[in-house]
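Overview (structure and organization)
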Amino acid sequence: MQATKIPHTRPDSSFDTVVVGAGLIGLAVAWRAATRGLRVALADPEPGSGASHVAAGMLAPVTEAHYGEEALLRLNLASAARYPAFAAELEEAAGTTSGYSERGTLAVAFDADDRAVLADLAAFHRTLGLDSEPVSARECRRLEPLLSPDVQAGLRVSGDHQVDNRQLIAALLSAVGQRRVPLYRERVAELLVEHDAVAGVRLSGGETVRADRVVIAAGCHSTSIPGVPPGLLPPIRPVKGQILRLSVPSDAVPFLNSAVRGLVRGRQVYLVPRDHGELVVGATVEELGYDTRVTAGGVYELLRAAHALVPGITELPLAEVRAGLRPGSPDNAPVIGPTALPGLIAATGHFRNGVLLTPVTADAIAELLATGELPAEARGFEPARFAAAAPSAAAR
Ligand code: GLY
């Protein structure tokens, strides 16, 4: 992706912190740390081009809540609650939109089995006191006139919002530029360790960038950085997601009034409308390693499910088909906090929640960098949970 231009002045090659990876997490960590007065640099050969760029930008802690992941749900809710202030502050700093929108979400069921699953989800929400409202098929169509008459039932979740992830990347690039955070558009060739502590990084071009702290925020590439001693980070695996972008003609925008998340004969699909005429349809979940090929089967599967819910999508031009790699940790919860190597900090493994968890992760890491303490909401997600073979945060 062509990123927004930011200054490339390199007044110094010694910093408090180098953030490895300039996706949403890395950019937000660098911005938050810089606003706290820390001298920060970023390193990424292609800022904002990975999973952050491909994502749909749903902020959906409630409709994506899963049994056994209550701790992750709390973190997701905490991050969702920060979004309005985070977006407002970012817009002020960047001078551009953040892409945040409080348009809600309607979850719908296509057949009787899907309806039973949706009823289970509604019951789970009630147990946890989460805000969701079961609605009839008729009400679903009143809310979303383009829904198929086959839709059987729905669940209205007004608090699950969205952000245009590409606008968010652009705003964060602008905000770190305003803070004059240097952005090294190079791969990190090696983590530098001296006297059993982090000393900085060596870039692929040979330049050394010294820093007492290095934050690894490199998504699914987080565990392939040379020089990181083995065992400090859990394996972070790539989980492929194919996703489509359709163009809605200006006289039909927004096409849908809310994000629609559907279950269609057991398959999940979501349709996320944007004010500027994009309709994002996602996403497959495939464990295929570092494979970003788009396949006929992936596109067919998405279009078939989306068409079952909203038949009119087939009239829309298909603008883009992409595959991204979500960074999955062994328990699918993020890995946030210090490692056993002094100065090495993790901000990775956000799996399906990277866009949602951006504010809470950035604030937690900035707090850790500024004070040495990880705030309470991020505790339980540290890398040490894997080393100690403790029960996973996601399961507590
Ligand atoms: N959170 C949406 C996805 O991972 O597909």
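Everything in this summary refers to the structure shown in the same document. Quick caveat: nothing in here was measured; it's all calculated off a predicted structure.

**As for the environment of Ser49**
Secondary-structure assignment places Ser49 in the loop between strand E2 (40–43) and helix H2 (51–54). Owing to a relative accessible area of 22%, Ser49 belongs among the partly exposed residues under this scheme. Sequence separation of Ser49 and Arg293 is 244 residues, and the distance between their C-alpha atoms is 15 Å. One polar contact links the side chain of Ser49 to the main-chain carbonyl oxygen of Glu46, over a distance of 2.7 Å.

**Section: the sheet that holds strand E8 (residues 161–163)**
Sheet architecture is open: 3 strands sit in the order E3-E8-E4, paired in antiparallel fashion. The sheet terminates laterally at strand E3 (58–59) and strand E4 (100–101), the two strands that pair on one side only. Alignment of E3 against E8, held across 2 bridges, turns out to be antiparallel. Within E8, the residue paired with Met58 across the bridge is Gln162.

**Structural notes on the site of the ligand**
With respect to spatial proximity, the complete set of residues near the ligand consists of Glu64, Tyr270, Ala283, Arg326 and Arg352. In the environment of the ligand, a nitrogen atom lies 3.2 Å from a nitrogen or oxygen atom belonging to the side chain of Glu64. At a separation of 2.7 Å, a nitrogen atom of the ligand approaches a polar backbone atom of Arg352. With the chains in place, 88% of the 200 Å² that the ligand exposes on its own is no longer accessible.

**Quick word on the packing of aromatic side chains**
The description of two aromatic rings rests on the distance between their centres and on the angle between their planes. Under the counting rule described, the total for this entry stands at 5 aromatic pairs. Here Tyr83 and Phe86 contribute two aromatic rings whose centre-to-centre distance is 5.8 Å and whose plane-to-plane angle is 70 degrees, an arrangement assigned as edge-to-face. Residue Tyr83 and its partner Phe86 are located together in helix H3 (residues 70–94), separated by 3 residues, close to a single helical turn. Note on Tyr83 and Tyr100: the rings are 5.6 Å apart at their centroids and 15 degrees apart in plane angle, and the pair reads as stacked. Of this pair, Tyr83 sits in helix H3 while Tyr100 sits in strand E4, and the two are 17 residues apart along the sequence.

Conventions used here
- The residue numbers shown here count from 1 along each chain, following its written sequence.
- Given that the model is predicted, a residue must reach a pLDDT of at least 70 before its local features are reported, and side-chain atom pairs must reach 80 or more before they are shown or counted; all residues, however, enter totals for whole chains, interfaces and linings.
- Each side-chain value is derived from all of the structure's non-hydrogen atoms; neither hydrogens nor water enter the calculation.
- Numbering goes from the N terminus for both helices and strands, where a helix is a DSSP run of H or I of at least four residues and a strand is a run of E of at least two.
- Burial status follows relative accessibility: with a 1.4 Å probe on protein chains alone, a residue under 20% of its type maximum counts as buried, one over 50% as exposed, and anything between as partly exposed.
- Polar contact is defined as a pair of N or O atoms within 3.5 Å, subject to the rule that within protein one atom must be able to donate a hydrogen and the other to accept it, and that residues adjacent in sequence are counted only when both atoms are side-chain atoms.
- Whether two strands pair depends on DSSP finding at least two bridges between them.
- To be near a molecule or strand, a residue needs just one of its heavy atoms within 4 Å of it.
- To be clear on the numbers: accessible area is Shrake-Rupley with a 1.4 Å probe, and residue cover counts the displayed protein chains and nothing else.
- For Phe, Tyr and Trp, where Trp contributes only its six-membered ring, two rings pair if their centres lie within 6.5 Å, and the inter-plane angle classes them as stacked under 30 degrees, edge-to-face over 60, or tilted in between.

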